[in-house]
Amino acid sequence: MTTLTPARSLLRVSDLDHDELVALLDLAAAMRADLTGWRSSLDGQTLACYFTKPSTRTRVSFEAAAWRLGMLPVMLRPDELQLGRGEPLEDTARVLSRYAAAIVVRTFDQRDLEALAAVASVPVVNALTDDHHPCQALADLLTIRDRFGALEGLTIAYLGDGNNVAHSLMEAAALAGMHVLVATPHGLQPDPTLTANAALVARQHGGSVHLTDDPLVAVRGAHAVYTDVWVSMGQDAEREQRLTALEPFRVDETLIGEADDDAIFLHCLPAHRGEEVEAAVIDGPASAVWDQAANRLPTEQAVLHALITGRWS
């Protein structure tokens, strides 16, 4: 049997370096400005999208991104594959590698993603796991850069659960030289090893990463205020406990009023108005969430193009 060498993948933001992050944002901005300019770049290629979690933005944006590159996106669920009958994930990865130019995966366990990528011979892109959400973080940074013109030296405050979104945001903002303040209640802090690594990277690029349990400390003077749902898929049994712990971290008009005068509000969606954010904030003039959602498409298009072709500009 022929042994195939694993390709360059994006499993978490820290797979990138500073120059690659900037190149992806620049490429995404160029692709957004020229919707059909890359239609022939991957003409005739196939993109395999393996999703074990429901999706709105991720599914539609990756399908549209593939089409803009000239690719055929093939959407796959576990019950549609032999995985449901016991075929190993690694065997599925080997087969998909022979059919597709890249594999996009949205699943629960980061270890499953890493096992798949270890044997795939084409790029694997993390479209969300319980630990990381790198494609979301790229769209976040592009949205912030659109509003402020640059990223270095800006401050972003994240409030709520120290989850996959917080993890990828810390890694991305650190690479960009931003200052990150993450405010969470006790017991819901982000992973300590990841936090320490992000803080080290941030210092190398002129930024910083700090944790706090005080939302006011995090938000004061921030250029962007970010939150996410309090109860994610698979956490329903903890719902009441989480709602109680996270109540002080709701983003309301009073809280966002402590941020910079030109601050924007970010949310990766779906949002629950009245829980993690007030309607007046997410639907108000400071909200950039719809631009943020739209930026998922060009950033994912840029990721696919860069990983498959090796051309990052």
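Residues numbered from 1 in each chain as written. Predicted model: local features only at pLDDT ≥ 70, side-chain atom pairs only at ≥ 80, totals over all residues. Heavy atoms only, no water.

1. Here's the deal with the sheet that holds strand β1 (residues 46-51)
Basically, it comes down to this: Paired strands, as defined in this entry, are two strands with at least two bridges between them according to DSSP. For helices the rule is a DSSP run of H or I covering at least 4 residues; for strands it is a run of E covering at least 2, with both sets numbered from the N terminus onward. Between the N-to-C directions of two axes lies an angle of 0 to 180 degrees, each axis being a line fitted to C-alpha atoms and, for a helix, fitted only over the stretch in contact. Whether two residues are in contact is decided by their heavy atoms, any of which lying within 4.5 Å being enough.
Strand order in this open sheet of four strands is β2-β1-β3-β4, and the pairing throughout is parallel. The sheet is open, and its two edges are formed by β2 (72-76) and β4 (124-126), each paired on a single side. Across the sheet, the mean angle separating the axes of adjacent strands is 20° when strand polarity is ignored. Summarising the sheet, strand β3 (residues 102-106) and β4 pair through three bridges and their orientation is parallel. Bridged to Val105 within β4 is Asn126. Here helix α4 (residues 110-119) sits on the sheet in contact with β3 and β4, set at roughly 165° to β4.

2. A closer look at the sheet that holds strand β5 (residues 155-159)
Spatial strand order, β7-β6-β5-β8-β9: five strands in an open sheet with parallel pairing. Unpaired on one side and paired on the other, β7 (208-212) and β9 (264-267) mark the two borders of the sheet. Strand-to-strand, the axes of this sheet are offset by a mean angle of 20°, without reference to chain direction. Inspection of the sheet shows β5 paired to strand β8 (residues 224-227) by four bridges, in the parallel sense.

3. Description of the nonpolar core
One recurring pattern in soluble globular proteins is that nonpolar side chains are buried together. Test applied: Residues belong to a common nonpolar core when they are buried Ala, Val, Leu, Ile, Met, Phe, Trp, Tyr or Cys residues joined through side-chain atoms within 4.5 Å. The buried label applies to any residue whose accessible area, calculated with a 1.4 Å probe on protein chains only, is under 20% of its type's maximum; exposed applies above 50%, and partly exposed to all values in between.
Formed by 66 residues in total, the largest nonpolar core has its most connected members in Leu47, Val104, Leu141, Ile144, Ile156, Met178 and Leu304. The element contributing the most residues to this core is helix α6 (residues 164-175), with eight residues. If sequence neighbours within four positions are ignored, Leu141 has contacts with Leu21, Leu25, Leu151, Leu169, Ala172, Ala173, Ala176 and Met178. Val225, Leu255, Phe265 and Ile282 belong to the second-largest nonpolar core, a separate cluster that totals 21 residues.

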